[in-house]
Every structure is written in structure tokens, then in C-alpha cells.
Amino acid sequence: EEKKEGFETSGGVRAGGTSEHCPRRLSQRFRSTSGQLICSLIAVSYVVSLKIMDVKGDNSLALFPAQFPITRGINNRRKKRKHMCEIPSDLLMEIVMRLPAKSMVRFKCISKQWSSLISCRYFCNRLFTTVTRQQKPHLYMCLVDHVGQRVLLSLSSTSPDNTCYVVNQDLSITGMGGFFLNLVRGLMCFSVRKKACIYNPTTRQRLTLPAIKSDIIAQQGERKDIRYYIGHDPVNDQYKLVCTIVTSSAFFKNVKSEHWVFVLEAGGSWRKVVPLENYHPHAPATVGQFINGSVVHYMAWLDMETCAVVSFDMTSEELTTILVPQEAGDVALPAARMKAGLIEYDGKVAVFDHTHLKEKCLVDLWVLKDAGKKKWSKKRRFLQPCQKHLVHDDIELIVKGTTQDGKVILAPMKMHSQFYILCYDMGNNDLRKVEIKGVPDIWFDKECYFDLKYSMDESEDVIYLET
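Just so we're clear, the structure is a prediction, and the values are computed from it rather than from any experiment.

Here we look at the sheet that holds strand S17 (residues 223-233)
The four strands are arranged S17-S18-S19-S20 in an open sheet whose pairing can be described as antiparallel. Both edges of this open sheet fall to S17 and strand S20 (270-272), since each of them pairs with a single strand only. Strand-to-strand twist across the sheet, computed as the mean angle between neighbouring axes with direction ignored, equals 25°. Where strand S18 (residues 238-249) and strand S19 (residues 253-263) come together, nine bridges link them in antiparallel fashion. Note on S19: the bridge partner recorded for Ser249 is Lys253.

Listed below in C-alpha cells is the structure:
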């Protein structure tokens, strides 16, 4: 009988082996319930055939270290020798990268070698640059009530047209939750008691960064706000946090601001950013921020009449400020009346202004066409009459970013008896209601802070952060 020797993956990759005649065969099967792996090891005399696949037969999977003792029988059974079948390290890494993220985290417990491989920065970067995972649209929702009770929920779409999201996992741990949720490459950032917290929902690792010793102090009658934004520096391969601290009196008078950077690595500490000469002190808006590559963008107010887009480059650690056109709708509006949020539109920075959505059924989209020349373009859309009932007079809406296909997410500022969001398609001028189901009953009919983020990352991060 002729057998094929070698290692075969689901994509048809085969390593080594020739054809031999074999008189007998020894078959062993190992099953791992945690990773749902099936490893069929077929050992024949002078021939080794290794075929590794998952339950569905979609991927080729391997255990680590990739050495399997093979006993080869000869005519004299008393003489036995053990041979090892080794999988090249580069091929092994390609195999492991195709495992589900949760399985990778479990397999870190196998050995130090496993843990080092899966936790190393090079391996995690390969997950984002080479492996494309088929994932449904994903939402993260954070709820905080007036007594400080917190919950962080993971939601996924259950319908082909994404008209309903259902809670599929409670990611809460002790001290979890917080305000102003934002994320990058699978890492979440939020603030708890004015400190920045980093949370990896895949590994369940949580870090609380030290407090900042600010150089500005709020005087009597002034308030002090602290905002954190997380990003990734691709040049130096570093995760960084930028913190904006601002003090101001009523109606954005006497605004003072400063900025700090923290590199997420062993021995990291807060460093103050030296602003450029044309720096404008500003107060970040409560909504409207997103990450485009290595640049974090957020909306801010210089005073009651002047709105701006502030951009922080994670590589150069420089801040730039671009003023937003004062015209909102048809006339200039102060900060107290303007309802807008920062989004990404066709890869560009844009301001979605829905100030007149209820009364006039219109929205304005200001797109930053040329950042160097500070040139903006304006698009106006009128809501369809049949969809006017979706925007009630007694419900305040806030912008929560965009979906992967460019729809603007509008969420009620307060939720009680029903959890939902609105998705507005600017291209087709279509507004749809998306229900959120599976929220724990204790969060109904109670006032709570609500924050929501749409995840556009195709991969989950299994990196272990050290500080």
C-alpha cells in the first residue's frame, strides 16, 4: 500500500515526505475540548503522515512545541528507536495565528514557550497585518448608574441587515466600566475616578495608570476635566495614551489646557507634551472622537462660539488645531445649542451636525477635504417624511461614530425602558432603528450613563501589557 508522507494544511500546503510501502499502521487521536481541536497522528513504519485540522475542517491547527515522538518498528521488536517530527517555527506561527483568540489565551498556559510566542509584540502585529478574520459587526456598551455600579457588555448582530444587536458576553470584572470609552486594536481605554484604565477583553487584563500631577489648578468657580485617548504608533510599534486636562469657567471662559503622553511599556510614565507656537487652549467636547491610523482626532471648543478639530499624531506627538466653519445649519450657533459629532467619512475627518434634525428634518455634513489648506466642503441631507417618527422631540441624540460601511450611529443620551440606536445612511438618505436586546433587567427604568463604541478591528489583541 502506498502512503503519502508529510504535513498538510487546509490550504493544500505540504511539507516533506516520499512514498513508501508500509506493512502496518498505528493511529492515535487526541482531542482538546478547550480549543476544540482534533489532531490525527498516523505513524507507519519508515513513514510519518501528519494531518492537523479543526472540527469544521476550516483551518490547520497544531500543538506546541511541534515535536511528536514516533516509534518505528522493525523486524526485531526489541530494538526500537524514537524519532521526532518537527514543524518549522515560521510555519507553526502561521498555524497558531489562525486559531480563535480565546484559544490562544488558553494555550498560553501550556508552557513558557507558548506564552512567549503568543504574547510577543511581533506575533500580535502579525495578527493585524496578515490574518483576516470573518467577524460580524461588533458593539461594546458601557453602563454606569448614579451610585457607581458598572457593566461592560459585548454585542453582536443577529440579523443579515444588522437591524438587531444582542448581548453575547458580559465583560465586566471588578472595577470594570467607566466613562468615555474608546478603543484601538482590541484595547479599551476609559476613565475611573480621573485615572486612565486599559482593558483587554480577550485576555481580561486590566491596568490602571498612575494619576497625573497637573501643572494647572482649577480656581474658585472653575471646573477641571480630564479626557484620555488611546492610539498606536506604527513607526515605534507602541501603544500610547494622550491625556487632555482643561480648566475653564462658565461658558468656556478662561480656558487653559495641557497634554500628557504615556507609553504602554515597562517603566512607562507620563510625559508632558510641549505645544507648538500656534497652539490654542481648548476644552474637548463630550462626544466626537475617532482614530485614523496613528492620529487621534477629537472635537473641542476654544470658546462658546469657536469649535475646532484637534488632531494628535501618536508618532510625532504633535497637536494641530483646525477650526470648524461657524455656520451650523444656516446661522452660527454657540456651543450650548450646537449638536454635532466628529466622524470619519470616506477616510476623511468630518463633522456630522444634526442640530436641526428634529425641527427641520435636515443634517449637515462638513468634510475636511484638505487639512493643509483647512478647506471644508458641505453636504446637506433631508430626512424622509416617513422616518420622522424615529426622532422624537423628547429624546436627545448624540453621535457615536460610524459603522464599517459608513453609516452614522446616533444614540439616545438617556435610555430607560428600551435600548436602541439609530443608523443613518448618508448615501441613501436612510435612517433605520437598530434594537439592542439582552441587557440585564436591572438596567431598565433607571437613570444611567451610557456609552457605546463600534469595533472596526478585524482581529482581537492577545498582547500582554507591561507597565
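Here's the deal with unusual backbone geometry
Look at Lys194: it is not a glycine, yet its phi comes out positive at around 70°. Along the chain, the position of Lys194 falls in the loop between strand S14 (187-192) and strand S15 (195-200). A residue is classified by how much of its surface remains accessible, and Lys194, at 54% relative accessible area, is exposed. Here the phi dihedral of Glu317 falls at roughly 55°; this positive angle occurs in a residue that is not glycine.

Comments concerning the pairing of strand S24 (residues 319-323)
Note: strand S23 (residues 307-313) against S24, five bridges, orientation antiparallel. Following the sheet pairing, Val309 is matched in S24 by Ile322. Linking S23 back to S24 in an antiparallel pair, the connection comprises five residues, with Glu317 at a positive phi of about 55°.

Considerations on the side chain of Lys358
By secondary structure assignment, the location of Lys358 is in the loop between strand S28 (348-353) and strand S29 (362-370). Sequence-distant contacts of Lys358, that is, excluding residues within four places in its chain, are made with Lys388, Val391, His392, Asp393, Ile395 and Glu396.

Remarks on the pairing of S19
Taking burial as the measure, the 11 residues of S19 include eight buried ones, the bulk of the element. Joining the antiparallel neighbours S18 and S19 is a turn of three residues, in which Phe251 adopts a positive phi near 60°. Looking at chain direction, S19 and S20 are connected through three bridges and run antiparallel. Residue pairing across strands places Trp260 opposite Lys272, the latter belonging to S20. Hairpin connection of S19 to S20: six residues between the antiparallel strands, including Gly267 at a positive phi of 80°.

So, the environment of Asp233
In this structure, Asp233 sits in strand S17. With a relative accessible area of 0%, Asp233 lands in the buried category. Separated by 83 residues in the primary sequence, Asp233 and Ser316 place their C-alpha atoms 9.0 Å from one another. Every residue in contact with Asp233, bar those within four places of it in the chain, is listed here: Gln238, Lys240, Met314 and Thr315. At 3.1 Å, the side chain of Asp233 and the backbone nitrogen of Val235 are in polar contact. Here the side chain of Asp233 touches Thr315 through a polar contact of 2.7 Å, side chain to side chain.

Things to note about the nonpolar core
Membership of the largest hydrophobic core comes to 22 residues, with the highest contact counts inside it found for Met141, Leu143, Phe419, Ile421, Ile436, Val439 and Leu452. For this core, the secondary structure elements donating two or more residues are strand S10 (138-145), strand S11 (150-157), strand S12 (164-170), strand S32 (408-412), strand S33 (420-425), strand S34 (430-437) and strand S35 (448-455). The leading source of residues in this core is S35, at four residues. With residues up to four places along the chain from it excluded, the contact list for Phe419 reads Met141, Leu143, Glu435, Ile436, Val439, Trp443 and Phe444. The next biggest cluster of nonpolar side chains, apart from the first, holds 21 residues, and it includes Ala350, Val399, Val408 and Tyr424.

So, how was this worked out
Residues numbered from 1 in each chain as written. Predicted model: local features only at pLDDT ≥ 70, side-chain atom pairs only at ≥ 80, totals over all residues. Heavy atoms only, no water. Pairing = 2+ DSSP bridges. Helix = DSSP H or I, 4+ residues; strand = E, 2+ residues; numbered from the N terminus. Axes fitted to C-alpha atoms, helices over the stretch in contact; angles between N-to-C directions. Buried < 20%, exposed > 50% of the residue type's maximum accessible area, 1.4 Å probe, protein only. Contact = heavy atoms within 4.5 Å. Polar contact = N/O pair within 3.5 Å; in protein donor to acceptor, adjacent residues only side chain to side chain. Core = buried A, V, L, I, M, F, W, Y, C linked by side-chain atoms within 4.5 Å.

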